[in-house]
Amino acid sequence: MKPRYLIIIGLVLLAIAPQVLPTFQVTLLNYIGLYALVVLGLVLLTGVGGMTSFGQAAFVGLGAYSTAYLTTTEQLPSWLAWSAGSPWIGLLIGLLLTAAVALFLGALTLKLSGHYLPLGTIAWGISLYYLFGTMSSMGGHTGISGLPSLSLFGVVLDKGEKIYYLIWVILLAAVWITSNLLNSREGRAIRALKGGQLMAESMGVNTFRSKMVIFLISALFAGISGWLYAHTQRFVNPTPFGLSMGIDYLFMALIGGVGSVWGALLGAGILTMLKQWLQDWLPLIMGGNGQYETIVLGLLIVFMMQRSPGGIWPLLVRLAPASWRNQNHIKVDASAENLPRRDLPEKGQLVLEARNVTRRFGGLVANNQMNLQLHAGEVLALIGPNGAGKSTMFNQLSAVDTPSEGEVLFLDQSLKGKTSREVAHMGMSRTFQHVKLLTTMTVLENVALGTHMRGNKGIISASLHIEREEEQRLLKEAQFQLERVGLGEHLYTEAGSLSLGQQRILEIARALCADPCVLLLDEPAAGLRHKEKQALAELLQKLRQEGLAILLVEHDMDFVMNLADRIVVMEFGEKIAEGLPEEIQSNPAVLEAYLGGAE
Ligand SMILES: Nc1ncnc2c1ncn2[C@@H]1O[C@H](COP(=O)(O)OP(=O)(O)OP(=O)(O)O)[C@@H](O)[C@H]1O
């Protein structure tokens, strides 16, 4: 059976559920749907983006309280009088308010790293919870009652069996939107946030913007859930929007599988049902009215985190036939148009220059008055013994770091104050000494991240799946570069399962996808077998022929001597020699540095 049929069976079951299940079970399904919508946002934010939030319940509260107030107050502000307390206007205003608060809180907290971000989310979760309870116009801790039922196309959704359909249609639409988004250019940038931010920035991704986007989407999902909740219950008070509910949402995400959209539904379903069963059965078994379910649930969650930290969804996926797992592999359309290419500077033109670059780390001078020049159509190698200062120089040239003195000029522009993202946009691309890949993504997706700057379709077209034409062009470019470097057979392999040498080659394909005029390679031959090195040398020669300027830091002398046009040698942070390979090979200062004086 194909997964498509499984989805159809699931949809049919969902459609008939309210007709065949008792009201109580339908109410449970409604709660599962409402919770799953919030958890879906957490999958995006925490599972994919790597940002843990305990504060999602507060956004649910914003959505719920906005509509509760607007649909029940007798003193609507005059500019809103026309809305006559419509719940749909309540939704709109609630979402606008949620978006405004999310943007404000995001701007304040998303730059925080490590444990400061989760702590920040706890702080705002608590603040908003007490705000709801303190404002007398919001009914204080008693809350607001008497909310109207929603009506849609003349049907009043005043029963659980009726609002059920609205809740699940909205949830499934949110799942569709989220899946579309994740399988797009913007989605690749979002998926790079967890562990690959430095790499993503050097591929031209604005990582702060990507963080803001998922923070906003997750807050809006929570806000919609709050709106639905308010009109399902027709009553709101602060209790369901406190920190403890925020923690429950996180548990749902962790149980279901925080890294996958379907994990959100699974987690919300399992935790809600389990809580219900435990509440029903434990008092009968244990006697008395203690909150046994909380204790047992806590223990179960600890046990589960031990046995399956990725949640239950990945376990189910592992049980599924291999052919199902490959269903998501987007095929590359060979007829897609090629992306336009940048005009390369004329061969021989100076493209990158370090002028008297000095970099100090406290008392240590890692680069001292370094000068070097790189021209279009040239391979320049930067060599030197361990600790000579090559990587530091590489970082100054790629704008990852800023010189203490001196400056770097790229295409006649000073890189002072520029970020690695801006430099990437100007036409510089790079690889990393310690490979930086998104190991669970396919080789094709990893390399397609390099094309990020060459597309411009945004979040909305990605969410609605209407950017396919551009996406195909980007993927075609990624496939072309992969075939060019000899990895064409591995398009759909998980990047983490490639050998180290292949991973380095993958990084070169990714860098080439950015259509650079300058390529900086940090130890590209490390870990490569003899044949792979030969193939890499041939590729770099071809690129040089095309007019690219290539700077490489490399320890493999045979590789460097056979490939480089010129070589700069460093020792103790300073340039000790510069020249043609044959000059460098017989330079006494170089021999002294490498062999300690032996000749
Ligand atoms: N962020 C930093 N803070 C303090 N010292 C640093 C920093 N980065 C590099 N150094 C020091 O600067 C010197 C040059 O280091 P660098 O990594 O640039 O050398 P390298 O030539 O790339 O060495 P290798 O070939 O081993 O990678 C070393 O002494 C190193 O300890």
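Since this is a predicted model, take the numbers as computed values, not measurements.

**Digging into the overall build of the protein chain**
Turning to step 1, where the next piece is worked out: When helices and strands are counted, the protein chain shows 24 helices and 14 strands.
Turning to step 2, where the next piece is worked out: Taking the principal axes of its C-alpha atoms as reference, the protein chain extends roughly 90 × 55 × 50 Å.
Turning to step 3, where the next piece is worked out: Residues counted as buried form 44% of the 599 residues belonging to the protein chain.
Turning to step 4, where the next piece is worked out: The long-range share in the protein chain, meaning contacts at least 24 apart out of those at least 6 apart in sequence, stands at 74%.

**A few points about the packing of helix α10 (residues 243–256) against helix α11 (residues 261–286)**
Turning to step 1, where the next piece is worked out: The N-to-C vectors of α10 and α11 enclose an angle of 115°; their axes lie 7 Å apart at closest approach. The handedness of the crossing between α10 and α11 is right-handed. Here α10 contributes D248, F251, M252, A253, I255 and G256 to the contact with α11, which in turn contributes G263, A264, L265, L266, G267, A268, I270 and L271.

**Observations concerning unusual backbone geometry**
Turning to step 1, where the next piece is worked out: With a phi angle near 50°, N356 is a residue other than glycine that sits in the positive phi range.
Turning to step 2, where the next piece is worked out: Turning to its location among the elements, N356 is positioned in strand β5 (residues 350–361).
Turning to step 3, where the next piece is worked out: Residue N356 is classed as partly exposed on the basis of its 13 C-beta neighbours within 10 Å.
Turning to step 4, where the next piece is worked out: Unlike most non-glycine residues, L411 shows phi in positive territory, near 50°.
Turning to step 5, where the next piece is worked out: Along the chain, L411 falls in the loop between β8 (405–410) and β9 (413–414).
Turning to step 6, where the next piece is worked out: Residue class for L411 comes out partly exposed when judged on the 15 C-beta atoms lying within 10 Å of it.

**Looking at the environment of V518**
Turning to step 1, where the next piece is worked out: Relative to the helices and strands, V518 resides in strand β11 (residues 518–522).
Turning to step 2, where the next piece is worked out: What makes V518 buried here is the crowd of 24 C-beta atoms within 10 Å.
Turning to step 3, where the next piece is worked out: Sequence separation of V518 and P309 is 209 residues, and the distance between their C-alpha atoms is 42 Å.
Turning to step 4, where the next piece is worked out: If near-sequence neighbours (up to four positions away) are discounted, V518 is found in contact with V351, L352, L374, G427, M428 and A549.

**What about the domain arrangement of the protein chain?**
Turning to step 1, where the next piece is worked out: Domain boundaries in the protein chain define domain 1 (3–328), domain 2 (346–427 + 518–531 + 541–599) and domain 3 (437–515).
Turning to step 2, where the next piece is worked out: With centres defined by C-alpha atoms, the gap from domain 1 to domain 2 works out at 50 Å.
Turning to step 3, where the next piece is worked out: For the side of domain 1 that touches domain 2, the per-class residue count stands at 2 nonpolar, 3 polar and 1 charged.

**With respect to the UniProt feature "transmembrane region" (unreviewed entry) in the protein chain**
Turning to step 1, where the next piece is worked out: Under the feature "transmembrane region" (unreviewed entry), the UniProt entry names residues 32–50, 57–76, 88–110, 122–143, 163–182, 212–230, 250–274 and 295–316.
Turning to step 2, where the next piece is worked out: Measuring from the first to the last C-alpha atom of residues 122–143 gives 22 Å, for a span that is 59% helix and 0% strand.
Turning to step 3, where the next piece is worked out: Across residues 163–182 one finds 100% helix and 0% strand; the C-alpha atoms that close the span lie 29 Å apart.

**A look at the packing of helix α2 (residues 23–48) against helix α6 (residues 160–182)**
Turning to step 1, where the next piece is worked out: Here α2 crosses α6 at 20°, and the two axes come no closer than 9 Å. Regarding the angle of α2 to α6, the classification is roughly parallel. Crossing of α2 over α6 shows left-handed handedness. Residues T23, V26, T27, L29, N30, G33, L34, A36, L37, L40, L44 and V48 of α2 form the contact with α6, whose own contacting residues are G160, E161, I163, Y164, I167, W168, I170, L171, A174, V175, T178 and L182.

**Looking at the environment of A15**
Turning to step 1, where the next piece is worked out: Here A15 shows up in helix α1 (residues 3–20).
Turning to step 2, where the next piece is worked out: A sequence separation of 500 residues divides A15 from D515, and the C-alpha atoms of the two residues are 49 Å apart.

**Considerations on the environment of G263**
Turning to step 1, where the next piece is worked out: On the secondary structure map, G263 appears in helix α11.
Turning to step 2, where the next piece is worked out: Exposure remark for G263: the 29 C-beta atoms within 10 Å place this residue in the buried category.

**Let's talk about helix α5 (residues 116–134)**
For an α-helix, 3.6 residues make a turn, and residues three or four places apart therefore share a direction.
Turning to step 1, where the next piece is worked out: Taking 1.5 Å of rise per residue, the 19 residues of α5 would be expected to cover 27 Å, and the 27 Å separating its terminal C-alpha atoms lies within 8% of that figure.
Turning to step 2, where the next piece is worked out: Listed as buried for α5 are T121, W124, G125, L128, Y129 and F132. Buried residues of α5, seen end-on, are gathered within an arc of 135° and therefore sit on one face of the element. Turned more than 90 degrees away from the buried face of α5, the exposed residues are Y116, S127 and T134.
Turning to step 3, where the next piece is worked out: Against α3 (56–72), α4 (87–109) and α10 lie the buried residues of α5.

Criteria and cut-off values
- Residues numbered from 1 in each chain as written.
- Predicted model: local features only at pLDDT ≥ 70, side-chain atom pairs only at ≥ 80, totals over all residues.
- Helix = DSSP H or I, 4+ residues; strand = E, 2+ residues; numbered from the N terminus.
- Buried ≥ 20, exposed ≤ 12 C-beta atoms within 10 Å, placed from the backbone.
- Contact = placed C-beta atoms within 7 Å.
- Axes fitted to C-alpha atoms, helices over the stretch in contact; angles between N-to-C directions.
- Left-handed = near helix turned anticlockwise from the far one by under 90°.
- Domains from an automatic or database assignment.
- Nonpolar A, V, L, I, M, F, W, Y, C, P; charged D, E, K, R; others polar.
- UniProt positions renumbered as here; feature names shortened; annotations may be inferred.
- Parallel < 35°, antiparallel > 145°, perpendicular 65-115°, else oblique.
- Expected span 1.5 Å × (residues − 1).
- Arc of directions from axis to C-beta.

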